[in-house]
Amino acid sequence: MAGTTTAPSKAAPSAASSKNDTFNQKDKATQVRLSNIMAAKAVADAIRTSLGPRGMDKMIYGKEVVISNDGATILKHMSVLHPAARMLVDLSAAQDVEAGDGTTSVVVLAGSLLTAAQKLLKKGVHPTQIAEGFQRAAAEAVKILEDIAIPVNLDNREALLKSATTSLSSKVVAQYSNVLAPIVVDSVLRVVNMEHNVDISDIRIVKKIGGTIDDTELVPGLVLNQNVIPGGPTRVEKAKIGLIQFQLSPPKPDMDNQVVVNDYRQMDRILKEERAYLLNLVKQIKKAGCNVLLIQKSILRDAVNSLSLHFLAKLKIMAIKEVERDEIEFICKATGCKPIADIDSFTEDKLGTADLVEEVESDGSRIVQISGIKNAGKTASIIMRGANQYVLDEAERSIHDALCVIRCLVKKRALIVGGGAPEIEVSLRLNELAKAQADSICFQAFADAMEVIPTTLAENTGLSPIAIVTELRNRHANGEKTAGINVRKGMISDMQQENVIQPLLVTTSAIELATETVRMLMKIDDILASR
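What you see is a predicted model; the values in this text were computed from it and never measured. (Residues numbered from 1 in each chain as written. Predicted model: local features only at pLDDT ≥ 70, side-chain atom pairs only at ≥ 80, totals over all residues. Heavy atoms only, no water.)

1. A short note on the overall build of the protein
For the record, the criterion: The numbering of helices and of strands both runs from the N terminus, where a helix is a DSSP run of H or I of at least 4 residues and a strand a run of E of at least 2. Using C-alpha atoms as the atom set, the radius of gyration is obtained and then compared with a globule rule of 2.2 Å times the number of residues to the power 0.38. Relative accessibility thresholds used throughout: buried, under 20% of the residue-type maximum; exposed, over 50%; partly exposed, between the two (1.4 Å probe, protein chains only). When checking whether two residues touch, look at their non-hydrogen atoms; a contact exists if any pair is within 4.5 Å. In these tables, accessible area is a Shrake-Rupley quantity obtained with a 1.4 Å probe, and a residue counts as shielded only by the protein chains included in the view. As used throughout, the charge tally considers Lys and Arg to be positive and Asp and Glu to be negative, leaving His and the chain termini uncounted. Taken as the charge location is NZ of Lys, CZ of Arg, CG of Asp or CD of Glu.
In terms of regular secondary structure, the protein is built from 16 helices and 17 strands. For a compact globule of 531 residues, the expected C-alpha radius of gyration is about 24 Å, and the protein comes in at 31 Å, more than 25% above that figure. Counting only C-alpha atoms, the protein reaches 115 × 80 × 40 Å along its principal axes. Across the 531 residues in the protein, those meeting the buried criterion constitute 48%. Within the protein, contacts between residues at least 6 apart in sequence are counted, and of these 78% link residues at least 24 apart. If you sum the accessible surface of the protein, you get close to 26,500 Å²; carbon and sulfur atoms cover 51% of it. Across the protein, 63 positive and 64 negative side-chain charges occur, with their mean positions spaced 3 Å apart.

Rendered as C-alpha cells:
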C-alpha cells in the first residue's frame, strides 16, 4: 500500500520541473530583451544631463582626467561592459563620424525609443512588429524634417555663422562663440574641394597653453608645433622647404655588433669618417637649394645628432626635428613638398617654396609659422590658446563639432531650427499619420519617444518639463512650426528669430541611427558566450 502511494509523489516533482523548464525557455527571450533594454537605458540616462546649452559636464578619470559634455567623448572614455550598452557607445561614435554633432541627442533618443519598446513588449506586441513599425515611423520622421527644412546656400555666410554658434552654445566655450564661429566657417570654406566635400583632417588645430580662448586665430599658411633647433637661423625668407624621412646621424648595422678599438689613431679615423659622412649629407642638402629642413621623428635611432645640427647651422639651414609621422601628409599638402626617403633622391623638384618661415613667440609659447606658400594645397591651420590643458582639449572637441556642423551643410544644404522644435513637430505629425496606419500603436510610441529631446532640454534648464512640452505642443498645433525652448530666457519663443539653427543632417542621421540600433536590440532573443 505504501509503495503505491510513494510512486506518484516521486513522479510529480519531475513533471513539475520539466514544465518549469519549458516555461523558463519561453520566458528567456523576454528576460534577455529586458536585460538589454535596462543596460542600454542606463548608458542613455548617464549622459542625459549633458544635453543642451545648460547641460552639465562629466569628469571621467582613469589614466588621464577628461572633462567634457560631448556625448561621444564621454562614452569613449567610460568603462562599459554590457554588450547591449556597448552598442550605444558605438551608436554615438557612428553619429560622430556621420554628422559630427548630436552625439548626446542620438543616445538620449535611443534610450527613449527603448523605453517605448519596453512598454509595447509589456502590452504583448511582438518584437518584430515593434522593429518594423519603428523603421517605418523613422522614414516618415525624416520626410517630415525634410519638409520643414530651410534650403541654404554656401554663399550665405550669415546662416553658416548661426549654425556654428548654435553648435558651440552647448559647449564650455559658449561665451567665445563670436570669436570661434567665424574661424570655423572660414576654415571649412577654405578647404571645400570641387566635389563639395570637406575633409576635416585638412584643418589642423595647434594647441598652446597661454593666453585665453579669445586669442585663438586662423593663420594663413602653415603652423608647426615643433620649435626651431637653436644655433641655426630662426627666420628664413624665400624659403625652400625639404622634408626628410632618413637620419642625419652615423649609419648603424642591422644587427647589434660590437667593435673593439684599441688604438687612438683608429678611433680618430672613425670620428673623421663620421664627420666626413655627415658633412657630405648636409652639403648635398644645401646643394639642392634647401634652406628649411623638416626632419621626421625616428623610432629606431636618433634622427639627428649634435654634429649634423652643427653643420646645418653653419650652412644657414633652419632645422626643425621631431615631425610626427601622422603630420607628414598634412605638411606635404600644405607646403607642396614631397617626403624624401634617402639622400640620393634629394632634388630641388621635391622642395616646397614659401615667402617666409619664422619662429614667433606669443603668450609664452613658440611656434613656427610658414607663410606665402607657393602651390599650396587646400588646408587651414588654427592656433588655439587656453589657460590649461583641460580647457584646450574641450575647446578642440567643441571646434571639431562646429567644423562638422558646417561640413554637414556642405554635404546636405538644408537647415532646421533647434530648441526641440523639430522633434515636437515630428511627434505631432506622426500622431496624425498613426490614425491611418495598421501598426498605429508603434507609430504613436515612436511619436511620444521623440518628445524626450524637448523634455530633457527643459529639465536641464530647470523648467517644468510637463508645462513646457504641453505649451510647445499647443503652439505647434496652432501652426507655429519654429516654436522651441529658449534656454537662456527660460521660455518658449521663435527659434528662427533667436538664430538657433542646425543642419538637417544632424537630426535625420540621429533618428535613423537610433532607430537602427533599437531595431537591432529588439531582434536579439538570446546572449551566448563565445568559445
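2. Observations regarding the layout of surface pockets
Rolled over the atoms, a probe as big as a water molecule pinpoints where empty space is left. As a reminder, the rule being used: Space inside and on the surface of the protein is sampled on a 1 Å grid over the protein atoms alone, with a cavity defined as a set of points where a 1.4 Å probe fits but cannot get out and a pocket as an open set with protein on both sides within 12 Å along at least 5 of 7 lines; lining residues have an atom within 4 Å of a point. Grid points are joined across faces, edges and corners, and a volume is the space filled by probe spheres set on the points. Only Asp, Glu, Lys and Arg are considered charged, only Ala, Val, Leu, Ile, Met, Phe, Trp, Tyr, Cys and Pro nonpolar, and every remaining residue, Gly among them, polar.
Taken as a whole, the largest pocket encloses approximately 850 Å³ of empty space. Lining the largest pocket we find 44 residues, and of these Gly52, Pro53, Thr166, Ser169 and Gln502 sit closest to its centre. Taken together, the elements giving at least two residues each to the lining of the largest pocket come down to helix 4 (103-122), helix 6 (157-168), helix 14 (452-461), strand 15 (483-486), strand 17 (501-503) and helix 16 (504-523). A total of five residues in the lining of the largest pocket trace back to one element, the largest contributor, which is helix 4. Partitioning the lining of the largest pocket into residue classes produces 16 nonpolar, 21 polar and seven charged.

3. Focus: the pairing of strand 11 (residues 352-362)
Convention followed: Between any two strands, pairing holds if DSSP finds at least two bridges.
Alignment of strand 7 (residues 235-244) against strand 11, held across six bridges, turns out to be antiparallel. The partner of Ile241 across the bridge, within strand 11, is Gly352. Inspection of the sheet shows strand 11 paired to strand 12 (residues 365-373) by eight bridges, in the antiparallel sense. Looking across to strand 12, one finds that Glu361 is bridged to Arg366. Between the end of strand 11 and the start of strand 12, which pair antiparallel, lie two residues, with Asp363 showing a positive phi angle near 50°.

4. Structural notes on the nonpolar core
One broad rule of soluble globular proteins: the nonpolar side chains tend to lie buried together. We apply this condition: Among buried residues, those of type Ala, Val, Leu, Ile, Met, Phe, Trp, Tyr and Cys that are joined through side-chain atoms within 4.5 Å constitute a nonpolar core.
If you look at the biggest cluster of nonpolar residues, it comprises 70 residues, and the most contacted ones within it are Leu88, Val107, Phe134, Leu430, Phe446 and Ile511. Take this core: its biggest share by element is 10 residues, from helix 4. Setting aside anything within four residues of it in sequence, one finds Leu430 in contact with Ala137, Glu140, Ala141, Ile144, Phe443, Phe446 and Ala447. Among the nonpolar cores identified, the runner-up in size contains 40 residues, and Leu168, Ala181, Val417 and Ile501 belong to it.

5. Comments concerning the sheet that holds strand 13 (residues 380-386)
Filter applied, for reference: Here an angle of 0 to 180 degrees is reported between the N-to-C directions of two axes, which are lines fitted to C-alpha atoms, with helices fitted over the stretch in contact.
Taken in spatial order, the three strands make up an open sheet running 4-13-5, and their pairing is mixed. Edge positions in the sheet fall to strand 4 (203-209) and strand 5 (217-219), since each has one partner strand and no second. Neighbouring strand axes in the sheet, compared pairwise and without regard to direction, differ in orientation by 30° on average. Alignment of strand 4 against strand 13, held across seven bridges, turns out to be parallel. Bridge pairing links Val206 to Ile383 in strand 13. Along the sheet face, helix 7 (residues 177-191) touches strand 4, strand 5 and strand 13 and points at about 25° away from the line of strand 5.

6. Considerations on helix 14
Burial analysis of helix 14 places eight of its 10 residues in the buried class, the great majority of the element. Where helix 14 is concerned, the buried positions are Val452, Ile453, Pro454, Thr455, Thr456, Leu457, Ala458 and Asn460. Just downstream of helix 14 lies Gly462, where phi reads positive at about 90°.

7. Remarks on the packing of helix 14 against helix 15 (residues 465-477)
Filter applied, for reference: Any angle that falls under 35 degrees is termed roughly parallel, while one over 145 is termed roughly antiparallel, one within 65 to 115 roughly perpendicular, and all others oblique. Crossing handedness: left-handed means the near helix sits turned counterclockwise from the far one by under a right angle, and right-handed means the same turn made clockwise.
At a closest axis distance of 9 Å, the pairing of helix 14 and helix 15 adopts a crossing angle of 135°. Taken together, the axes of helix 14 and helix 15 are oblique relative to one another. Judged by the sense of rotation from one axis to the other, the crossing of helix 14 with helix 15 is right-handed. Every residue of helix 15 that contacts helix 14 at Pro454, Thr455, Ala458 and Glu459 is listed here: Pro465, Ile468, Val469 and Leu472. Residues belonging to the contact of helix 14 with helix 15 are distributed by class as follows: six nonpolar, one polar and one charged.

8. Considerations on the packing of aromatic side chains
Stated precisely, the cut-off is as follows: Pairs were defined over the aromatic rings of Phe, Tyr and Trp, the Trp ring being its six-membered one, requiring ring centres within 6.5 Å. Orientation was assigned from the angle between planes: stacked under 30 degrees, edge-to-face over 60, tilted for the rest.
Tallying each qualifying case throughout the model produces one aromatic pair. Seen in terms of ring centroids, Phe134 and Phe446 are 5.7 Å apart; in terms of plane orientation they differ by 70°. Their pairing is edge-to-face. In this pair, Phe134 is assigned in helix 5 (residues 127-148) and Phe446 in helix 13 (residues 440-450), connecting sequence segments 312 residues apart. Accessibility classification places Phe134 together with Phe446 in one group, the buried group.

9. Thoughts on the side chain of Ser493
The condition that has to hold: Any pair of N or O atoms that falls within 3.5 Å is considered a polar contact. Within protein, one atom must be able to donate a hydrogen and the other to accept it, and sequence-neighbouring residues count only if both atoms are side-chain atoms.
Mapped onto the elements of the fold, Ser493 is located in strand 16 (residues 491-494). Among the polar contacts listed, one links the side chain of Ser493 to the side chain of Asn486, at a separation of 3.1 Å. Those residues in contact with Ser493 that sit more than four places away from it in its chain are Thr482, Ala483, Gly484, Asn486 and Glu498.

10. A closer look at the pattern of salt bridges
Note the threshold: What counts as a salt bridge is simple: a side-chain nitrogen of Lys or Arg found within 4 Å of a carboxyl oxygen of Asp or Glu.
One pass over the full model with this rule turns up 27 salt bridges. Of the charged contacts in the structure, one is a salt bridge between Lys171 and Asp70, with a shortest N-O distance of 3.9 Å. With Lys171 in the loop between helix 6 and helix 7 and Asp70 in the loop between strand 2 (65-68) and helix 2 (71-77), this pair connects stretches of sequence that are 101 residues apart. Accessibility assignment for this pair places Lys171 and Asp70 in one class, buried. Look at the salt bridges and you will find they share partners, linking Asp70, Lys171 and Asp401 into a network.

11. Things to note about the packing of helix 3 (residues 83-98) against helix 11 (residues 389-411)
At a minimum axis distance of 9 Å, the contact between helix 3 and helix 11 shows a crossing angle of 60°. One finds that helix 3 runs oblique with respect to helix 11. Residue-level contacts link Asp96, Val97 and Glu98 of helix 3 to His400, Asp401, Arg407 and Lys411 of helix 11. Grouping the constituent residues of the contact of helix 3 with helix 11 by class yields one nonpolar, one polar and five charged.

12. Description of a nonpolar patch on the surface
Using the following cut-off: Note on patches: the residues involved have over 30% relative accessible area and no salt bridge, like charges join within 9 Å, and the nonpolar side chains Val, Leu, Ile, Met, Phe, Trp and Tyr join within 5 Å.
Nonpolar side chains collect at one region of the surface, where Val259, Val261, Met267, Ile270 and Leu271 lie side by side and expose about 440 Å² of accessible area between them. Tracing the backbone through its elements, the reader meets Ile270 in helix 8 (residues 264-287). Given a relative accessible area of 43%, Ile270 falls into the partly exposed group.

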